[in-house]
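Listed below, chain by chain, are the residues.
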Amino acid sequence: MAGVALSLLVILILSGVGISLSLKLLQNYKPGRTKIQGDLKQIKAELRPWIADLVPWSAEEMEQLSLNQINRTTKKGVVKTSKGIFTTIYHEPVVVWAYRKYVGQKENGLLYARTSNKEFVYRLKNGGIEMVIGDQLVGILNEQGILFNHKGDKQIAQINRQNEGLLLPVKVKEKLVGGLANPARKQQSNARAFQNLSKMEKEEEELFLSLSILEMVRREVGA
């Protein structure tokens with residue numbers, strides 16, 4: 001009798017685990033806007049201590065940003081999460097980021113990144129990436145690295161992520177504003193992330209940073 005009761009208990013426990021896992025899979029298969037906003041709020045809370053330690057962003061930090069990272073961690077589960085901090089060539093923390101990979105065969109994720117004074121949010125799904133800078137929806141980035149406005153009728157920026165060279169050129173409108181050191185061809189451990197930077201207006205710098213940071217993290221997490 002005791003053996004039968006124990007068997008029933010094990011079945012109930014396993015059934016409960018199965019239901020819980022199924023629900024978690026469903027919640028993270030095609031997360032809606034409410035789920036995304038909740039996850040984004042949680043990410044910001046988790047990163048708050050790191051954000052507080054970021055060096056104030058300036059033109060100097062931009063020129064000195066490297067591909068080096070500190071505090072790099074990854075956790076696997078139904079939802080894979082990764083986070084880290086990009087530093088300057090002098091190992092000062094300047095860009096913090098966190099990425100969540102949801103369930104799905106295609107790219108399906110949420111990326112949050114920020115400097116001391118600007119935040120970037122990316123919703124990766126269906127072959128496109130919805131990009132937000134601050135509280136403003138900037139547009140949609142396609143698989144070819146072309147950023148269109150939110151209406152989809154105007155190209156506003158581009159990163160040549162298919163380039164096999166040492167630099168990935170970045171254009172804002174028709175202006176070549178700089179190049180991102182190709183993360184796939186990193187030559188030295190302390191290399192500067194940006195090269196051939198031109199003088200940029202505020203909007204140009206924001207778009208350049210948004211495309212470059214996204215590419216840096218995507219190469220890092222294999223997205």
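This text gives an overview of the structure that appears in the document. (Residues numbered from 1 in each chain as written. Predicted model: local features only at pLDDT ≥ 70, side-chain atom pairs only at ≥ 80, totals over all residues. Heavy atoms only, no water.)

## Focus: the overall build of the protein chain
Phase 1: Broken down by element type, the protein chain carries four helices and 12 strands.
Phase 2: As presented, the protein chain carries roughly 12,500 Å² of accessible surface, and 53% of it is formed by carbon and sulfur atoms. (Helix = DSSP H or I, 4+ residues; strand = E, 2+ residues; numbered from the N terminus. Areas by Shrake-Rupley, 256 points an atom, 1.4 Å probe, with all protein chains shown as cover.)

## Some points on the pairing of strand β11 (residues 175-181)
Phase 1: Most of β11 is tucked away: five of the seven residues are buried.
Phase 2: Pairing between strand β10 (residues 167-172) and β11: six bridges, direction antiparallel. The residue of β11 that forms the bridge with Pro 169 is Gly 179.
Phase 3: Taking the residues that link successive antiparallel strands as the turn, the β10-β11 hairpin has two residues, and the phi of Lys 173 there is positive, at about 60°.
Phase 4: Pairing geometry for β11 and strand β12 (residues 194-195), over two bridges, is antiparallel. Counted as the bridge partner of Leu 180 is Phe 194 from β12. (Buried < 20%, exposed > 50% of the residue type's maximum accessible area, 1.4 Å probe, protein only. Pairing = 2+ DSSP bridges.)

## Digging into the side chain of Ser 210
Phase 1: Locating Ser 210 in the fold gives a position in helix α4 (residues 202-221).
Phase 2: Judged by relative accessible area, which is 1%, Ser 210 ranks as buried.
Phase 3: At 2.8 Å, the side chain of Ser 210 and the backbone oxygen of Leu 207 are in polar contact.
Phase 4: Non-local contacts of Ser 210, meaning those with residues more than four positions away in its chain, are made with Phe 120, Tyr 122, Met 131 and Ile 133. (Polar contact = N/O pair within 3.5 Å; in protein donor to acceptor, adjacent residues only side chain to side chain. Contact = heavy atoms within 4.5 Å.)

## Looking at the environment of Leu 65
Phase 1: Counting through the fold element by element, Leu 65 comes out in strand β1 (residues 65-75).
Phase 2: Each C-alpha atom of the pair Leu 65 and Ala 191 lies 8.6 Å from the other, and the pair is 126 residues apart in sequence.
Phase 3: Ignoring any residue separated from it by four or fewer positions in sequence, one finds Leu 65 in contact with Phe 86, Thr 87, Thr 88, Val 94, Val 95, Ala 191, Arg 192, Ala 193, Phe 194 and Met 216.

## Observations concerning the pattern of salt bridges
Any two side chains of opposite charge can pair, given that their charged atoms come close.
Phase 1: Summed over all chains, the structure comprises 10 salt bridges.
Phase 2: Close ionic contact of Arg 72 with Glu 220 constitutes a salt bridge, the shortest N to O distance being 3.0 Å. Residue Arg 72 is found in strand β1, and its partner Glu 220 is found in helix α4; the two are separated by 148 residues along the sequence.
Phase 3: A salt bridge links Arg 218 to Glu 107, with the shortest nitrogen-to-oxygen separation between them at 3.0 Å. Of the two residues, Arg 218 is situated in helix α4 and Glu 107 in the loop between β3 (93-101) and β4 (109-114); the sequence distance between them amounts to 111 residues.
Phase 4: Classification of Arg 218 as buried rests on a relative accessible area of 9%.
Phase 5: Relative accessible area serves as the criterion here: at 22%, Glu 107 is assigned to the partly exposed category.
Phase 6: One network of salt bridges, in which partners are shared, links Lys 35, Asp 39, Glu 46 and Arg 100. (Salt bridge = Lys/Arg side-chain N within 4 Å of Asp/Glu carboxyl O.)

Scope: geometric values only; no functional claims are made or implied.
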